[in-house]
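Residue-level structure breakdown
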Amino acid sequence: MAEYTTKLAEDEVLRLENLSIQFGGLKAVDDLSFSIKEKEIFGLIGPNGAGKTTAFNCITQFYKPSSGAVYFRNKDGQVENLVGQPVHSIIRKGLVRTFQNVELVGELSIIDNVLIGGHIDFKASGFEQALRLPRARREEKLMREKAEDVLRFMGIAELKDALVAGQPYGIRKKVEMARTLMCNPKLIILDEPAAGLNDVETQQLADNIYQVREKYGCTILLVEHDMRLVMSICDRICAISFGKFLACGTPSEIQGNAQVQEAYLGEKEE
Amino acid sequence: MQKGSTQKSFLKNPYLQYIFFGIIISLLPVLVNAGILKTSWVGIIGGTIIYAIAALGLNLLLGYSGLISLGTAGFMGLGAYISAYLTGDLGLPWEVGILAAIIIPVIFGLLIGLASLRMEGLYLGIVTLCVSEVLRKTFDELEPITGGFSGKGAEYPTLLGNIVLNQKQTYVLLVVALVLLMMLTHNLTNGQLGRALHAMRGSQVAAQAMGVSLLKYRLIAFSLATAYASLAGALYVHFIKFVYPSTWTLPVSLTILAIIVVGGMRSLYGTFLGAVIVYALPDLLLKRIPVIGDINGLSYVFSGVLIIVVILFYPGGVINIFRDIKKLFVKGSKKEGEV
C-alpha cells in the first residue's frame, strides 16, 4: 500500500524531485525538479526532443523513472510518491491525462468513449452487469447522465450518439478532454492539446481549459509547442532542454530568460 | 398515437427481440414434423447454434478485446469430454456435467490469459493453437476417460433428474441457451465491462490511463471466451451424442473465426448469421450440387472464398447488409418526400 508523506507544501499538488530516466546511455530526463500549485495552469515547454513527453510518462508511471520521486496530493488530500505504482491505479488518485495522438475507440459512440473515463467509478461486479441487477442499472444511468453533463459542458452534447470514427480532429480532442473530466480529477495532464488545431479551435481550447479549472476546480499541467497558447494561459512555466531543467517562472520571466532563448534559438554569435 | 409509440418501444426492446428471434428458430422442429423440411435440418441448424455459441465467446475475445485465439476447438472438446465422462461414466446429473465442463476449461483459459500479458497477435495465436493441439492429443491418449480413437458416447440431456429429452427437445434447449447467452453478452458488452474491453482493443495505454487493469480484463476476456466454447462443446456432446478426438482440430477453430469475420465483428445477430452462412449453407446447399458437391473439404474452400470476398467488399461483416438496405429505403423515401 502507498506510504503517505508530508513532502508537499500546503498549496502544492505535485512535485517532481530529482527525477531521472535513462534509455541505454541517453538521459532523457536528467535530475528534473519542479512543483505545481493547486488550481494552477502550469506549462512544460522545451525544444523538440527535450524530454517533455518522457517527463509526462514518468509522472503517470508509463515509464518507470531510474531515480527520483513524484509526490502527489491525492483526492483524499494525502501525499504519496507515485513512483513504482501500477499505471492503472494512477487515475484513482485523481491524476488523469490525454494523449498527443488522441487515443479513442473509433467504433464506439462519443458518449461511450466518455463513459470509459468513468471506469473506476463503477462498483457493480461483472456478474451484476451481466444480469443487469439494480445496482448495475442505477450506476449506468447515473454515469450516463454525468457523461451527458460533461458533453454539454464541452459543447458537443448533440453529437453524443455519433461514432468517434469520422469525427474531425477538433471534436475528437474535445471528446478526449471530456473523458478526463469523468473521474473528478485533481490534476489533468494535457499532452500537446493544441497540436493539429487551427487558430479558432486553439482559442476555443484556451477558453475550455479556463472553464475546466473554474468548474471542476482542478489543476492543469500542459506540454505544448504552441507558444502563443502557453504564454497566454499559463500561470507558470517550466522550460527544459535535453532533459535538464532550464528555468521556471511566469510567462514573461521565461520569455526574458537568456538560457531559454539560447535553447530555442541557439547561441548568440559574437 | 400513444398506443403506436408504446408498440414501437415494445418492438425496440432488445431482450424481446432476442426472445422473438429464439421463438422463430425454435419453430424448426414444428416445420420438420409438418413435413415441410427434412429431418436432417434439425441436426444442421442445431450444429449451427452450437458453433454460434462458441463464436459469441470468440467475438468477446477477438471482436471486443482484440485478442486472438486459435484454441477454440480444444476447449470445445474439453467441455464435451468432461460432460460426457461425468454424466456417462460417473452417472452425475446433466446439470453438474455442464457446470464442471465450463469451470475446468475456464481454469485453463485463465492460464492463457496470464500468458497473453507477455504476447501479442501472431504469437498468442500460435500459443493458443498449441494448447488446443495438446488437448486434442490428450483426448487421443487418455483412453480410460475419453475412449481414445474410437470416441465416446453420451445421451440426450435429462433435466432435473427425470425429464428425458429427445433430439428435437434438445434442439429447443440449444435455442434457449443461445438466446440466454445473447442477452448476457448484450448486457456485458453494453456496460462498464464491455467498454473496458473496447478500450483495451482501442489503445492499451489509454485503457490503462483510464484505470483499466490489463491483467484483470485480459483474464476476464479469456475466461469468458473459454466458458462459451466449453459450454458449446458440452452442448455438442449431448446433441450429437458422440465425440471423437479428431473432431477438435484447427479447422473447427478456423471455422469459428470465419463465422465472426463473415457475420460481423461485435454483432450478436451477425455471429448467428455468420454461423448459418459458414456452417449450415455448405451442408444445406453446396453438398446437394452434383459433381462439385462431392469434392472433399468443399466447405473449407467455400468459407475461404467467403472470407476474402467479405473482407474485400464488406469489411464490417454480412450483417451490415441489412443496415445498408434500410439506409437505402430511408434515403429513397426521403427523396420521394422532397419531390
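Residues numbered from 1 in each chain as written. Chains lettered and ligands numbered in written order. Predicted model: local features only at pLDDT ≥ 70, side-chain atom pairs only at ≥ 80, totals over all residues.

1. A word on the overall build of chain A
Rule in force here: Secondary structure counts use DSSP, requiring at least four H or I residues in a row for a helix and at least two E residues in a row for a strand, with both numbered from the N terminus. To get the radius of gyration, use the C-alpha atoms; to get the globule rule, take the number of residues to the power 0.38 and multiply by 2.2 Å. Think of it this way: build a C-beta for each residue from its backbone, and any pair within 7 Å is a contact.
Tallying secondary structure elements over chain A gives nine helices and eleven strands in all. For chain A, the C-alpha radius of gyration of 19 Å lies close to 18 Å, the compact-globule estimate for 270 residues. With respect to the principal axes defined by its C-alpha atoms, chain A has extents near 75 × 45 × 35 Å. A separation threshold of at least 6 residues defines the contact pool for chain A, and within that pool the share at least 24 residues apart is 69%.

2. Re the overall build of chain B
On a plain count of helices and strands, chain B comes out with 16 helices and four strands. A compact globule built from 339 residues would reach a C-alpha radius of gyration of about 20 Å, and chain B, at 21 Å, matches this within 12%. Projected onto the principal axes, the alpha-carbon positions of chain B cover approximately 75 × 60 × 45 Å. In chain B, the proportion of contacts linking residues at least 24 apart, taken out of those at least 6 apart, comes to 75%.

3. Some remarks on the pairing of strand β2 (residues 12-23) of chain A
Residues and elements named next belong to chain A. Put simply, the rule reads: Here, strands pair whenever DSSP counts at least two bridges between them.
As paired elements, β2 and strand β3 (residues 26-37) share eight bridges and run antiparallel to each other. Pairing of Ile21 across the sheet is with Val29, part of β3. In this sheet, strand β5 (residues 67-73) lies alongside β2 in antiparallel orientation, the contact comprising five bridges. Directly across from Leu14, in β5, lies its bridge partner Phe72.

4. Thoughts on the interface of chain B and chain A
In plain terms, the rule: For this classification, the nonpolar set comprises Ala, Val, Leu, Ile, Met, Phe, Trp, Tyr, Cys and Pro, the charged set comprises Asp, Glu, Lys and Arg, and every other residue, Gly included, is treated as polar.
Counting residues at the interface gives 21 residues for chain B, matched by 27 residues for chain A. Going through the elements one at a time, α9 (167-189), α10 (192-202) and α11 (204-209) of chain B are the ones with two or more residues in the side of chain B that touches chain A. With seven residues, the top contributor of residues to the side of chain B that touches chain A is α10 of chain B. A per-class count over the side of chain B that touches chain A returns eleven nonpolar, nine polar and one charged.

5. Observations regarding the domain arrangement of chain A
Residues and elements named next belong to chain A. This is how it is decided: The domain boundaries here were taken from an automatic or database domain assignment.
As assigned here, chain A comprises domain 1 (1-94 + 184-270) and domain 2 (105-183). Summarising the inter-unit geometry, the C-alpha centres of domain 1 and domain 2 are found 27 Å apart. Opposite the 13 residues of domain 1 that make contact, domain 2 presents ten residues. Among the elements that take part in the side of domain 1 that touches domain 2, helix α6 (residues 199-216) stands out by supplying five residues, more than any other. Tallied by class, the residues present in the side of domain 1 that touches domain 2 amount to seven nonpolar, three polar and three charged.

6. Concerning the environment of Leu60 of chain B
All names here are of chain B. Put simply, the rule is: Exposure in this text rests on C-beta crowding, where 20 or more other C-beta atoms within 10 Å of a residue's own make it buried, 12 or fewer make it exposed, and counts in between make it partly exposed. The C-beta atoms are placed from the backbone.
Structurally, the position occupied by Leu60 is in helix α4 (residues 40-64). Note on Leu60: 26 C-beta atoms within 10 Å, which makes it buried. Along the chain, Leu60 and Ile36 lie 24 residues apart, while their C-alpha atoms are 36 Å from each other.

7. Section: the environment of Ile107 of chain B
Residues and elements named next belong to chain B. One can find Ile107 in helix α6 (residues 94-116). Judged by local crowding, Ile107 falls into the exposed class, with 10 C-beta atoms found within 10 Å. The sequence separation of Ile107 and Phe222 amounts to 115 residues, and the corresponding C-alpha distance is 9.8 Å.

8. Regarding the sheet that holds strand β4 (residues 41-45) of chain A
Residues and elements named next belong to chain A. Quick reminder of the rule: Here the axes come from fitting lines to C-alpha atoms, over the contacting stretch only for helices, and the angles between their N-to-C directions go from 0 to 180 degrees.
Ordered in space as β7-β8-β9-β4-β10-β11, the six strands form an open sheet in which the pairing is mixed. At either margin of the open sheet sits one strand with a lone partner, and together these are β7 (95-97) and β11 (244-249). Neighbour-to-neighbour, the strand axes of the sheet open up by a mean angle of 20°, direction not taken into account. In this structure, β4 lies alongside strand β10 (residues 236-241), joined through four bridges in parallel fashion. In the sheet register, Leu44 faces β10, and the bridge partner there is Cys238.

9. Points about the nonpolar core
We count it as follows: We call a set of buried Ala, Val, Leu, Ile, Met, Phe, Trp, Tyr and Cys residues a nonpolar core when their C-beta atoms link them within 7 Å.
Ranked by internal contacts, the top residues of the largest apolar core, which has 170 residues, are Ile53, Ala54 and Tyr228 of chain B. Tallying contributions element by element places helix α12 (residues 214-240) of chain B first for this core, with 16 residues. Two domains each provide a minimum of three residues to this core, namely domain 1 (1-94 + 184-270) and domain 2 (105-183) of chain A. Once you skip the residues sitting within four places of it in the chain, Ile53 of chain B turns out to touch Ala177, Leu178, Leu181, Tyr228, Leu231, Ala232 and Leu235 of chain B.

10. Looking at the confidence of the model for chain B
Selection criterion: A residue's pLDDT is the confidence the predictor assigns to it, expressed on a 0 to 100 scale.
For chain B, mean pLDDT is 87; residues scoring 70 or higher make up 94% of the total. Model confidence for the complex is summarised by a pTM of 0.89, with the ipTM given as 0.90.

11. Some points on helix α14 (residues 268-284) of chain B
All names here are of chain B. Put simply, the rule reads: Helix span, as expected, comes to 1.5 Å for every residue beyond the first. The seven residues ending at a residue and the seven starting there each receive a fitted axis; the angle between those axes is the bend at that residue.
For α14, built from 17 residues, the straight-helix expectation of 24 Å at 1.5 Å per residue is met to within 8% by its first-to-last C-alpha distance of 23 Å. Along α14, the sharpest change in direction is near 30° and occurs at Ile277. The element α14 is extensively covered by neighbouring structure, given that twelve of its 17 residues are classed as buried. Three or more residues of α14 are buried, namely Leu268, Gly270, Thr271, Phe272, Leu273, Gly274, Ala275, Val276, Ile277, Val278, Tyr279 and Pro282. Check the buried side of α14 and you find it contacts α4, α9, α13 (250-263) and α15 (298-313).

12. Details of the pairing of β10 of chain A
Residues and elements named next belong to chain A. Pairing of β10 with β11, which is carried by five bridges, proceeds in the antiparallel orientation. Opposite Ile237, over in β11, you have Gly249 as the bridge partner. Connecting β10 to the antiparallel partner β11 that follows it, the hairpin turn spans two residues, and Phe242 within it adopts a positive phi of roughly 50°.

13. Digging into the packing of α14 of chain B against α15 of chain B
All names here are of chain B. Note the cut-off: Our angle categories are set so that under 35 degrees counts as roughly parallel, over 145 as roughly antiparallel, 65 to 115 as roughly perpendicular, and the remainder as oblique. Each crossing is labelled by how the near helix is turned from the far one, with a counterclockwise turn of less than a right angle marking it left-handed and a clockwise turn marking it right-handed.
Between α14 and α15, the least distance of the axes is 10 Å, while the angle of their chain directions is 140°. As judged from the angle between their axes, α14 and α15 are oblique. Two packed elements cross with a definite hand, and for α14 against α15 that hand is right-handed. Residues Ile277, Val278 and Pro282 of α14 pack against Leu298, Ser299, Phe302, Ser303 and Leu306 of α15. Of the residues belonging to the contact of α14 with α15, the class tally is six nonpolar, two polar and no charged.

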